[in-house]
Amino acid sequence: MSTTPSGSSHSLASYAMDPANSRGRRVFEPPAPTRNAYQRDRDRIIHSTAFRRLVYKTQVFLNHEGDLFRTRLTHSLEVAQLGRSIARSLQLHEDLVEAIALAHDLGHTPFGHAGQEALNACMRALAPVGSDDRNSGFEHNLQSLRVVDALEERYPDFDGLNLCFETREGILKHCSRARAERLEAVEPGGVAARFLYGGSPSLEAQLCNLADEIAYNAHDIDDGVRSGLLSLEQLQAVPLFERYCHRALQLHPKLQGRRLLFESIRLMLSDQVYDVIDATRKRLLDAGVHSAADVRQLPPLVGFSEAMRADSRHLKAFLFRHLYRHPKVLDTTARARQVVTELFDCYKEQAHELPAAYAQRPRRARAIADYIAGMTDRYAIREHQRLSGKVMFE
Ligand code: MG
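Presented here is an overview of the structure given in this document. (Residues numbered from 1 in each chain as written. Predicted model: local features only at pLDDT ≥ 70, side-chain atom pairs only at ≥ 80, totals over all residues. Heavy atoms only, no water.)

1. Details of the layout of surface pockets
Gaps left between atoms are located by rolling a probe of water-molecule size over the structure's atoms. What counts here: Using protein atoms alone on a 1 Å grid, points that fit a 1.4 Å probe yet trap it form a cavity, whereas open point sets bounded by protein on both sides within 12 Å along at least five of seven lines form a pocket; residues with an atom within 4 Å of a point count as lining. Grid points are joined across faces, edges and corners, and a volume is the space filled by probe spheres set on the points. In this text, helices come from DSSP runs of H or I with a minimum length of four residues, and strands from runs of E with a minimum of two, each type numbered from the N-terminal end. Asp, Glu, Lys and Arg are counted as charged, while Ala, Val, Leu, Ile, Met, Phe, Trp, Tyr, Cys and Pro are counted as nonpolar; the rest, among them Gly, fall into the polar class.
By volume, the largest pocket is sized at about 970 Å³. Looking at the largest pocket, it is lined by 41 residues, and the ones nearest its centre are Gln 59, Val 60, His 113, Asp 220 and Tyr 324. At the level of elements, helix 3 (72-90), helix 5 (112-126), helix 7 (140-151), helix 11 (203-226), helix 16 (306-324) and helix 17 (327-349) are the ones that each hand at least two residues to the lining of the largest pocket. Per-class residue counts for the lining of the largest pocket are 12 nonpolar, 14 polar and 15 charged.

2. Observations concerning the pattern of salt bridges
Here is the rule: The term salt bridge refers to a pairing of a side-chain nitrogen on Lys or Arg with a carboxyl oxygen on Asp or Glu at a separation within 4 Å. Three labels apply to residues, based on accessible area from a 1.4 Å probe with only protein chains included: buried if under 20% of the type maximum, exposed if over 50%, partly exposed otherwise in between.
Tallied over the entire structure, the rule returns 36 salt bridges. Of the charged contacts in the structure, one is a salt bridge between Asp 41 and Arg 25, with a shortest N-O distance of 2.7 Å. Of the two residues, Asp 41 is situated in helix 1 (residues 37-46) and Arg 25 in the segment before helix 1; the sequence distance between them amounts to 16 residues. Here Asp 41 and Arg 25 have matching classes, each one buried.

3. Points about the coordination of the magnesium ion
Stated precisely, the cut-off is as follows: Ligating atoms shown are N, O and S within 2.8 Å of the metal, or 3.2 Å for Na, K and Ca, and water is not included, meaning a site may look less than complete.
Protein ligation of the magnesium ion involves His 75 (NE2), His 104 (NE2), Asp 105 (OD) and Asp 212 (OD), the donor distances falling in the range 2.2 to 2.7 Å. One chain supplies every donor to the magnesium ion, and in sequence these donors are spaced H-x28-H-D-x106-D. For His 104, a relative accessible area of 5% corresponds to the buried category.

4. Observations regarding the packing of helix 3 against helix 14 (residues 257-286)
Rules: Axes here refer to lines fitted to C-alpha atoms; in helices the fit is confined to the stretch in contact. Angles between the N-to-C directions go from 0 to 180 degrees. By definition in this entry, angles of less than 35 degrees are roughly parallel, angles greater than 145 are roughly antiparallel, angles of 65 to 115 are roughly perpendicular, and the rest are oblique. Note on convention: the crossing is left-handed when the near helix lies turned anticlockwise from the far helix by less than a right angle, right-handed when the turn is clockwise. Between two residues, a contact is recorded if the distance between any of their heavy atoms is within 4.5 Å.
Look at helix 3 against helix 14: their axes get within 10 Å of each other, and the N-to-C directions meet at 40 degrees. Looking at the two axes, helix 3 sits oblique to helix 14. In the crossing of helix 3 with helix 14, the sense of the turn from one axis to the other is right-handed. Each of Leu 82, Ile 86, Ser 89 and Leu 90 in helix 3 lies in contact with helix 14, whose residues at this interface are Leu 269, Val 273, Val 276, Ile 277, Thr 280 and Arg 281.

Take it as geometry only, folks, not as evidence of what the structure does.
Spelled out as structure tokens, the structure:
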């Protein structure tokens, strides 16, 4: 396949990011002979240890609850697929979108959001009083950045993966003011600056955010029904889903059960993708955007139309109420929280239980958080059982 000078296999819009104009890496490296800078970032992410761990980390359902539920790995692949597909239509840089999408969840703890909440609470309660670790707690976006900036140990000359500014910026999709101030102190004008002084990230980064939301809304419906916690009848009360279910039945009147569910989700996904492409194109045109620099001065431009945004919010609220807050899910998350909290306590009291490289680090609380955050679900369960003697999950 022939490529354009930017290394992209399709032509790029004037407002797409161009690796030739990248703000570069924290440690200088000469360009790779056959790959553009964003492809190189993607490849480094795929070869990282943190990426392989995603296969055993919870999305909503714990890894051991079934083999067919989404994990953080399959979720990240779905985000990359949706992101690339939309990027191609909008003539944005697919490789950058893919790199950000594959890295966006690298900092997730075991047990999904329950793990993150527990780890944050532990840092806030158990890190030394007045320390930076106590104040900043634990947050998975920031941890994803820590993984690619500091925690991966693969290269002789630097810690982390030494990714391009644009990939790192996309990974840090949210950041509190207090955390941004800390990052800004270490890297002035860097990836946290926009959380202090305003401005938007690249369109590619904005797109990954939305692709994440589109992906999990769709796959959580699928996993929710597969688990038996949601029913097709319940979903038909959600206007967005009902619309596509109705359309699926118009097209295939005999469709039922799992195939009706899949077809409804498929139609919904396609329509959401087309909606994002149309609404974003219109906003780019209305705002008179001509360059990647223009994008940074404006509010976020990648998004749904207003009607689709409202429908998507409704679906999210439904999933929150009926799936993420389902008593069975809550029971699992309560146990997961206990595992993480007790692991943290144990390592704090008995540092010799930590691997030497972590035990030797000066900031003990942060070292423990990094160690636990890197665990897979099953490793955390096994390690907790070894240290506490308790069996929390059969
Ligand atoms: Mg995600």
